[in-house]
Amino acid sequence: MTPRPTGSPGRARPLRGAVPSPNIWKHTATYETENRAVDPDGVLWSTLRSLAPWTGRTVLDLGCGTGFHLPAFAADAGRVVGVEPHPDLLALARRRTARLDHVSVLAGTAQAVPLPPSSVDVVHARWAYFFGPGCEPGLAELDRVVRPGGTAVVVDNDGSRSTFGAWFRRGYPHLPAPAEVERFWSTRGWTRTPVDMGWRFASRADLEAVVRIELPPAVATEALRHHDGLEVDYAVNVWSRSF
Ligand SMILES: C[S@@+](CC[C@H](N)C(=O)[O-])C[C@H]1O[C@@H](n2cnc3c(N)ncnc32)[C@H](O)[C@@H]1O
């Protein structure tokens, strides 16, 4: 899940401050396929739950996209808020959660969260805005909106390990190296939990389509040439911090 490189949004304009996310902005259906393939054995979800238990609490999903993860939080959270800067995705997230009374989806960004101070217990941001250096304005917003005793969990690629990690480093060599990302988070009091979550697809066509929205074309072609099957070994980091 690689939301960063160039690419223009679709017809609707995202809010100012949105990080270009061509994978989900331009290939929304394929991104849904990707989300279905992520974490097939639930290792990432159980890690998140152990780091930031949300039963009965207020959860904020920052950069919620089409709201794919909102129902999972809603199953036992007291209240769930999704925040998303892209109007088309925001509309899809609202539609997905329309029957869930305790879920709301708001237009906003991580740098300007449309919530009052000390109003959230758990913040979840998955492949959204918080990529290390440059996300300081969003971190300041976390300080404002998270209640004392609350927790934030940020999910991002681990470029230092796994098959996908190697593809990612090859595809985006200009991004900060894993050691620099680690330094960014650890010097600010965040803890790294490495997770081997994996991808598992229903078909080879799905796997190939997703690889092609996540990597530059030449890197994707080369990766697919050397990789058989329906699964990819994919490591992420969960960065967490208590407030
Ligand atoms: C790769 S997608 C991930 C979506 C969702 N978290 C998921 O896992 O399905 C990145 C999302 O972050 C959103 N985004 C981009 N810039 C943002 C910002 N400054 N604040 C909050 N969200 C942002 C994008 O519009 C996009 O929906």
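Quick look at the structure, then.

Procedures and definitions
Residues numbered from 1 in each chain as written. Predicted model: local features only at pLDDT ≥ 70, side-chain atom pairs only at ≥ 80, totals over all residues. Heavy atoms only, no water. Buried < 20%, exposed > 50% of the residue type's maximum accessible area, 1.4 Å probe, protein only. Helix = DSSP H or I, 4+ residues; strand = E, 2+ residues; numbered from the N terminus. Contact = heavy atoms within 4.5 Å.

## Here we look at helix α2 (residues 28-37)
Right, on to step 1. Buried within α2 we find Y31, T33, E34, N35 and A37.
Right, on to step 2. Remark: D39 follows α2 within two positions and exhibits a positive phi of approximately 55°.

## Quick word on unusual backbone geometry
Both trends apply: most residues other than glycine have a negative phi, and most peptide bonds are in trans.
Right, on to step 1. In this structure, S118 is a non-glycine residue whose phi angle is positive, near 50°.
Right, on to step 2. With respect to the element layout, S118 can be found in the loop between β3 (103-107) and β4 (120-126).
Right, on to step 3. Despite not being glycine, W127 shows a phi value in the positive range, around 50°.
Right, on to step 4. Relative to the helices and strands, W127 resides in the loop between β4 and α6 (136-145).

## Looking at the side chain of E141
Right, on to step 1. Structurally, E141 can be placed in helix α6.
Right, on to step 2. For E141, the contacting residues outside a window of four places in its chain are A110, Q111, A112 and V113.

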